[in-house]
Amino acid sequence: MNKRSNLLPEGFHDSLPPLAEAASRMERDILDTLASHGYARVSPPLAEYEDVLTSRMTGSAKSDLMRFVDPISQRTLALRPDVTMQIGRIAATSLADQARPLRLGYSGTVLKLRSGQLRPERSRLQIGAELIGTDSVAAASEIVSVAVEALERAGVTGITVDFTMPDLVDILSAGPLPLSSAQASEVRRELDMKDAGGLAELGATGYLPLIEATGPFDDAMTKMRNFDTDSLLTSRLDGIAEIASAISDKANLTLDPTERHGFEYQNWFGFTIFAEGFVGAMGRGGSYEIDRQDDGTEPAVGFSLYPGPLVDAGFGAKAHDLLFLPLGHDIAAAAKLRAEGWRTIAALSEGDQPRDMGCTHHLDGSKPEKY
């Protein structure tokens, strides 16, 4: 007889008790937070036609698709690596006539072609919110505040929000610090590595102050304002400062104006959320544009959270009393207790052992009794 295998593909795993329930509880807490702020939930499918999905994707994300051929249509399908572009599609098509600003929330599994060192799983839960029709400072402030509130409701403490300006090099290279497209790519690479020597070798010394303008928010913002001698960035810096002030009492604030990791399509502002005791980001967000059906675009701002590490660390877990119902128990009494919030396990045979099933109480007549 062949032994059944429990081997799963690399980067995939079963979610077992109690973590599966903890994940559901955390998902519900976060979604309830979004709903309380008026974000209506949508649920796009796991797979779409590849060409439809990639038409709304930018950057390296296109290479992160898991593809297969649909046996019905014979067209190539792709499993989503991110939900955000699907929300954009829904907003631009099915909900194109809905009043703006449009608030949408979502939760779903995304699949990655490859795993990373910090996040080895290739299947992960993504929960987020998108505010479509505006990317104003007020809208951005709401999005950042809701993201922080959602994590707080999930039990997260020691939150840090790191702000960035994803298109900063584009703005500067087209203005006071001119660069060709090739030079701009090289400068971005050196800024990513915070390599002052590399910038000097490129002759891009004008960008050196951006490396220094990284760290605690107030200090870094002062350096950015001193750098902005032409007042080209004044409105953006003022906007980010106003957004930061909305959460200054809820999170630690930092600024890294040239951070680009995870911001392939954001424009004037972006943010990353970290939590004390966790390696890597809890989530990211920022402002971007959605392609409309008439070939125009509309502004949007949103965030995505990846709560997997929180669940693995025990967040969302809750101990429950479990009531054992013996053979011949009072069915009406048991139903009443379940309505009051009790969880029950009914005996199916005389050999059922309550303690083996994790029961903490047994039903004595119509009342629970603790073991």
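Quick summary incoming for the structure in this document.

### Details of the environment of Arg153
Within the fold, Arg153 resides in helix H4 (residues 137-153). C-alpha of Arg153 to C-alpha of Ser248: the two residues are 95 residues apart in sequence and 17 Å apart in space. Not counting the four nearest positions on each side in its chain, Arg153 is found in contact with Asp29, Asp32 and Thr33.

### Observations concerning the pairing of strand S5 (residues 102-111)
The buried fraction of S5 is high, at eight of ten residues. Both strand S1 (residues 40-41) and S5 contribute to a ladder of two bridges, which runs parallel. Considered in S5, the bridge of Ala40 is made with Leu104.

### Details of empty space enclosed by the protein
Enumeration over the complete set of coordinates arrives at one cavity of 30 Å³ or more. If you go around the largest cavity, the residues you meet are Met165, Pro166, Leu168, Val169, Pro257, Thr258 and Arg260. Classifying every residue of the lining of the largest cavity by side-chain character gives five nonpolar, one polar and one charged.

### Some details on the pairing of strand S3 (residues 66-69)
Across four bridges, the pairing between S3 and strand S4 (residues 76-79) is antiparallel. From the neighbouring strand, Arg67 faces S4, where its bridge partner is Ala78. What sits between S3 and S4 in their antiparallel hairpin is a turn of six residues, with Gln74 showing a positive phi close to 65°.

### Looking at the packing of aromatic side chains
Evaluation of the coordinates by the stated rule reveals five aromatic pairs. Taking the centre distance of 5.1 Å and the plane angle of 40° together, the rings of Trp268 and Phe269 count as tilted. Given the relative accessible area of 13%, Trp268 is considered buried. By the ring-pair criterion, three or more aromatic residues cluster together here, those being Trp268, Phe269 and Phe271. It is Arg75 that lies over the ring of Tyr49; its NZ or CZ is 3.7 Å from the centre.

What counts, and where the lines are drawn
- Residues numbered from 1 in each chain as written.
- Predicted model: local features only at pLDDT ≥ 70, side-chain atom pairs only at ≥ 80, totals over all residues.
- Heavy atoms only, no water.
- Helix = DSSP H or I, 4+ residues; strand = E, 2+ residues; numbered from the N terminus.
- Contact = heavy atoms within 4.5 Å.
- Buried < 20%, exposed > 50% of the residue type's maximum accessible area, 1.4 Å probe, protein only.
- Pairing = 2+ DSSP bridges.
- 1 Å grid on protein atoms, 1.4 Å probe; cavity = no way out; pocket = protein on both sides within 12 Å on 5 of 7 lines; lining within 4 Å.
- Points joined across faces, edges and corners; volume = space filled by probe spheres on them.
- Nonpolar A, V, L, I, M, F, W, Y, C, P; charged D, E, K, R; others polar.
- Phe/Tyr/Trp six-rings, centres within 6.5 Å; stacked < 30°, edge-to-face > 60°.
- Lys NZ or Arg CZ within 6 Å of the ring centre and 35° of its normal.

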